[in-house]
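# Secondary and tertiary structure notes
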Amino acid sequence: MAVDWGYSRVNGPDTWQSHFPDCQGERQSPIDINPIDIKTLHGNRKLEWRYIPENIEELVNPGYCWKVHVKGEGSETHPDLPPLNQGTISKIEAQYREMGHARKVPSKRQAVVDDDTKLNLLLALEENPITPARQLARDSNLNHKTMGKYELEQFHCHWGETDDQGSEHTINGTKFAGELHLVHWNTTKYHSFEEAAKHPDGLCVIGLLIKPGKKHHEIDKIVAQLKNIEYKGQSTKISIPLNPANFFPYDTSYYTYQGSLTTPPCSECVIWIVFKEPMEISHDQLAAFRTIKSYCRQDVCPGDEFDGCVKTNCRPTVPIGKREVKECRQ
């Protein structure tokens, strides 16, 4: 039987650990990012991407947010990487690891990000996800076990009851109006999203902090469809192209650390990338988010403090512990 978790007093984040043990782990998210304690990474770490607007499939209401499912090319197959340097690390690779630098990538459609467990984290979001990874392996002569190619699976949003709260991550204690999450999974090492979610390097989530401001035209494509997913369990096709890259800020400098999903089961399987520069959406767009319902149309309104609406859906920050947050400047 599925556990009815949510964000009210009776089933909110303080109760999750009773049913989901990972929620009290040592590598949980979100966290408060304190710029004073951050290690800055230097070198070539330009984050680049490519999304396919036509691959956006449907908008759904799972009962705690709005979520957009994406058709990821090749998402059901494991990339056939050549077995380069299996069981060994080349001298140049070891030098890069010791220096804390990521190796330069020859393709403009790929991105390299450092993390504590491997030399390169490759985000290659392509219409053909296998070829770029093969090409990188041939060109850079890296151990294929150090690479991970991450493909977009879905994106969703978190918000609060008012425009001065709602983000999950905070910056030096400052809350934002909301936070958009683009969830990717490692198609290089794993066969499915479900399998990837069981491993520390399985998922990569790009987080965009939200501040109230001018209307966002790409978000407006979602707001226009919210009336079709008013109740939990409802879904609707997105018939017009929607490009997730249009959510990204001009300055794509970011913070990165290892953490978890911010909703149950809170699996510790996420490499986080949180952009420093927030995106703007309007007050009216934020207000529209709060109108979707947390219960099914045929059910009785739960009568909670939110009157059955998803007025807030953000998990409070948790201790960072011994983890290190790194800043990558673009």
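On a predicted model such as this, the values are computed, not experimentally measured, just so you know.

Conventions adopted
Residues numbered from 1 in each chain as written. Predicted model: local features only at pLDDT ≥ 70, side-chain atom pairs only at ≥ 80, totals over all residues. Heavy atoms only, no water. Helix = DSSP H or I, 4+ residues; strand = E, 2+ residues; numbered from the N terminus. Buried < 20%, exposed > 50% of the residue type's maximum accessible area, 1.4 Å probe, protein only. Contact = heavy atoms within 4.5 Å. Areas by Shrake-Rupley, 256 points an atom, 1.4 Å probe, with all protein chains shown as cover. Phe/Tyr/Trp six-rings, centres within 6.5 Å; stacked < 30°, edge-to-face > 60°. Lys NZ or Arg CZ within 6 Å of the ring centre and 35° of its normal. Pairing = 2+ DSSP bridges. Salt bridge = Lys/Arg side-chain N within 4 Å of Asp/Glu carboxyl O. 1 Å grid on protein atoms, 1.4 Å probe; cavity = no way out; pocket = protein on both sides within 12 Å on 5 of 7 lines; lining within 4 Å. Points joined across faces, edges and corners; volume = space filled by probe spheres on them. Nonpolar A, V, L, I, M, F, W, Y, C, P; charged D, E, K, R; others polar. Core = buried A, V, L, I, M, F, W, Y, C linked by side-chain atoms within 4.5 Å. pLDDT = per-residue confidence, 0-100.

### So, the overall build of the protein chain
- Helix and strand counts for the protein chain come out as 5 helices and 15 strands.
- Burial status across the protein chain gives 54% buried among its 330 residues.
- When contacts within the protein chain are restricted to residue pairs at least 6 apart in sequence, long-range pairs at least 24 apart make up 72% of them.
- Approximately 15200 Å² of the protein chain is accessible, and the part contributed by carbon and sulfur atoms is 49%.

### Some details on the side chain of threonine 312
- Locating threonine 312 in the fold gives a position in the loop between helix H5 (283–289) and strand S15 (326–328).
- With relative accessibility at 13%, the residue threonine 312 sits in the buried group.
- Those residues in contact with threonine 312 that sit more than four places away from it in its chain are Tyr7, Trp159, Gly160, Glu161 and Phe306.

### Side note on unusual backbone geometry
- Residue proline 30 follows serine 29 across a cis peptide bond; omega there is 5°.
- By secondary structure assignment, the location of proline 30 is in the segment before strand S1 (32–33).
- Across the junction of proline 264 and proline 265, the peptide omega takes the value 15°, indicating a cis bond.
- Residue position: proline 265 is located in the loop between strand S12 (254–259) and strand S13 (270–275).

### Overview of the packing of aromatic side chains
- Applying the stated criterion to the full structure yields 12 aromatic pairs.
- Taking 5.5 Å as the distance between ring centres and 80° as the angle between the ring planes, the aromatic pair formed by tryptophan 5 and tryptophan 16 counts as edge-to-face. Here the residue tryptophan 5 occupies a position in the segment before S1, and tryptophan 16 occupies one in the segment before S1, the gap between them amounting to 11 residues.
- Ring centres of tryptophan 159 and phenylalanine 289 lie 5.2 Å apart, and the angle between their planes is 45°; on these two criteria the pair is classed as tilted. Here tryptophan 159, found in strand S7 (residues 150–159), pairs with phenylalanine 289, found in helix H5; they are 130 residues apart in sequence, far enough to count as distant. By the burial criterion, tryptophan 159 is buried, and phenylalanine 289 matches it.
- Among the aromatic side chains, those forming a connected cluster through ring pairs are Trp66, Phe155, Trp159, Phe247 and Phe289.
- Here lysine 293 stacks its cationic end above the ring of tyrosine 231, 5.5 Å away from the centre of that ring.

### Thoughts on the pairing of strand S3 (residues 56–60)
- Pairing analysis gives 4 bridges linking S3 to strand S4 (residues 67–70), with the strands arranged antiparallel. In the sheet register, valine 60 faces S4, and the bridge partner there is lysine 67.
- Count of turn residues in the S3/S4 antiparallel hairpin: 6 residues, of which glycine 63 carries a positive phi of about 105°.
- Bridge analysis of S3 against strand S11 (residues 235–237) gives 3 bridges, and the strand direction is antiparallel. Among the inter-strand pairings, leucine 59 is bridged to a residue of S11, identified as threonine 236.

### Topic: the pattern of salt bridges
- All chains considered together, the criterion is met by 10 salt bridges.
- Close ionic contact of lysine 189 with aspartate 201 constitutes a salt bridge, the shortest N to O distance being 2.8 Å. Of this pair, lysine 189 sits in the loop between strand S9 (178–186) and helix H3 (193–196) while aspartate 201 sits in the loop between H3 and strand S10 (203–212), placing them 12 residues apart in sequence.
- The salt bridge partner of glutamate 218 is lysine 221, with a shortest N-O separation of 3.1 Å. Residue glutamate 218 and its partner lysine 221 are located together in helix H4 (residues 217–223), separated by 3 residues, close to a single helical turn.
- Given the relative accessible area of 7%, glutamate 218 is considered buried.
- When salt bridges with common partners are traced through the structure, they connect Lys276, Glu327 and Arg329 into a single cluster.

### Notes on the layout of surface pockets
- Its volume calculated, the largest pocket comes out at about 1000 Å³.
- Along the walls of the largest pocket sit 44 residues, with Trp5, Gly6, Pro62, Gly63 and Tyr64 positioned nearest its centre.
- Those elements that provide at least two residues to the lining of the largest pocket are S4, S7 and S9.
- In terms of residue count, S7 provides more of the lining of the largest pocket than any other element does, 4 residues in total.
- Of the residues belonging to the lining of the largest pocket, the class tally is 21 nonpolar, 14 polar and 9 charged.
- Gln165, Lys175, Cys314, Arg315 and Pro316 are the residues nearest the centre of the second largest pocket, which is lined by 17 residues in total.
- Tallied by class, the residues present in the lining of the second largest pocket amount to 5 nonpolar, 7 polar and 5 charged.

### A few points about the nonpolar core
- Trp66, Phe155, Leu180 and Phe289 are the most contacted members of the largest nonpolar core, which has 50 residues in total.
- In contact with phenylalanine 155, other than residues within four places in its own chain, are Ile56, Trp66, Lys67, Val68, Val70, Leu180, His181, Leu182, Ile222, Leu242, Pro244 and Phe247.
- The next biggest cluster of nonpolar side chains, apart from the first, holds 22 residues, and it includes Ile38, Phe193, Val205 and Cys269.

### Regarding the confidence of the model for the protein chain
- Mean pLDDT over the protein chain stands at 79; residues scoring 70 or higher make up 74%.
- Every residue in residues 74–147 is under pLDDT 50, and counting partners more than four places away or in other chains gives 176 contacts.

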